[in-house]
Amino acid sequence: RAHFKHRDELFFRGYLRDKESRVIQQIATRHVINSVVRVHMDSIEDEHREYAGGVDRFLSKAVGITHVYSDEERKEKLAQATVKRVLALKSNPWVTCMLRDGTQQNAKCSVNGEPQRQNAQPRLCLGCLNADIAAGNFNGIVIYTKQDVAACRNPELPWFIKEPHYHTVTLALKRVEELRHNSNNPKYDKFITHLKETLLIADAQRGQAA
């Protein structure tokens, strides 16, 4: 109290409370990151795993180049390496952003080399190398790309307005196709067909305009 010139004990306790809550939040965030990584590790060789995105590709490559004596040791080594590299975690309906050390400049939301994760949008996140996409994100992708799909199907919109929406729909299709391929789950087929039809409609309208 004397060092920080706090007026009384209550003020000092309040100061400690703030610090404590931040530490608890940091510990909780790290615990969630650890859990996500371990679930990935457990399902990495599963024929029915419902993951997609840049983080899934990163972990799959890491599995291929990691050589240890047992399956448990491999999981432990990969988990340790990933946890050290993952700096922060942010959940969005369409992806979970797992910001990895060394990727800050290449993150799709990055401005001048600094990720601006508060600006998260499907058009950025679905093509980002820090995107972790699980089965639970499928509904988020469907809902949050609805306007992009509608724009691509709208014959009244000129191409220069439609083009960024076309890009987002293309990314959504790639990610959902990855989920379908990795999980072998037919529940994605209807939406995949819908997205493919949407892109064909947009292409036809672009051709007519040209």
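Keep in mind it's a predicted model, so treat the numbers as computed, not measured.

Draft legend 1. The arrangement of unusual backbone geometry in detail. Unusually for a residue other than glycine, asparagine 112 sits at a positive phi of about 55°. Relative to the helices and strands, asparagine 112 resides in the loop between β4 (110-111) and β5 (114-115). Judged by its relative accessible area of 78%, asparagine 112 is exposed. Despite not being glycine, asparagine 184 has its phi angle at roughly 60°, a positive value. Here asparagine 184 lies in the loop between α7 (159-183) and α8 (189-209). Judged by relative accessible area, asparagine 184 falls into the partly exposed class, the value being 48%.

Draft legend 2. Examining helix α6 (residues 146-153) more closely. If you check which residues of α6 are buried, you get Asp148, Val149, Ala151 and Cys152. An end-on view of α6 places all buried positions within 160° of arc, on one side of the element. Projecting away from the buried face of α6 at angles above 90 degrees are the exposed residues Lys146 and Gln147.

Draft legend 3. Structural context of the nonpolar core. Residues Val95, Leu126, Ile133, Ile141, Val176 and Leu195 are the most contacted members of the largest nonpolar core, which totals 25 residues. Broken down by secondary-structure element, the contributors of at least two residues to this core are β6 (131-134), α5 (138-144), α6, α7 and α8. In terms of residue count, the dominant contributor to this core is α7 (seven residues). Of all hydrophobic cores here, the second largest spans eight residues; its members include Val37, Val55, Phe58 and Val86.

Draft legend 4. Fine view of the state of the cysteines. Taken as a whole and judged by the stated rule, the model has zero disulfides. Here cysteine 97 stays unpaired: no disulfide links it, and the sulfur of cysteine 128, its closest cysteine neighbor, is 6.0 Å away. With no disulfide of its own, cysteine 125 lies 6.7 Å from the sulfur of cysteine 97, the closest cysteine sulfur. Residue cysteine 125 is classed as buried on the basis of its relative accessible area of 10%.

Draft legend 5. Main features of the side chain of serine 110. For serine 110, the position within the fold is in strand β4. Judged by its relative accessible area of 19%, serine 110 falls in the buried class. Among the polar contacts made by the side chain of serine 110, one reaches the main-chain carbonyl oxygen of glutamine 104 at a distance of 3.1 Å. Reaching out from serine 110, the side chain makes a polar contact with the backbone nitrogen of glutamate 114 at a distance of 3.2 Å.

Quick notes on the rules
Residues numbered from 1 in each chain as written. Predicted model: local features only at pLDDT ≥ 70, side-chain atom pairs only at ≥ 80, totals over all residues. Heavy atoms only, no water. Helix = DSSP H or I, 4+ residues; strand = E, 2+ residues; numbered from the N terminus. Buried < 20%, exposed > 50% of the residue type's maximum accessible area, 1.4 Å probe, protein only. Arc of directions from axis to C-beta. Core = buried A, V, L, I, M, F, W, Y, C linked by side-chain atoms within 4.5 Å. Disulfide = S-S within 2.5 Å. Polar contact = N/O pair within 3.5 Å; in protein donor to acceptor, adjacent residues only side chain to side chain.

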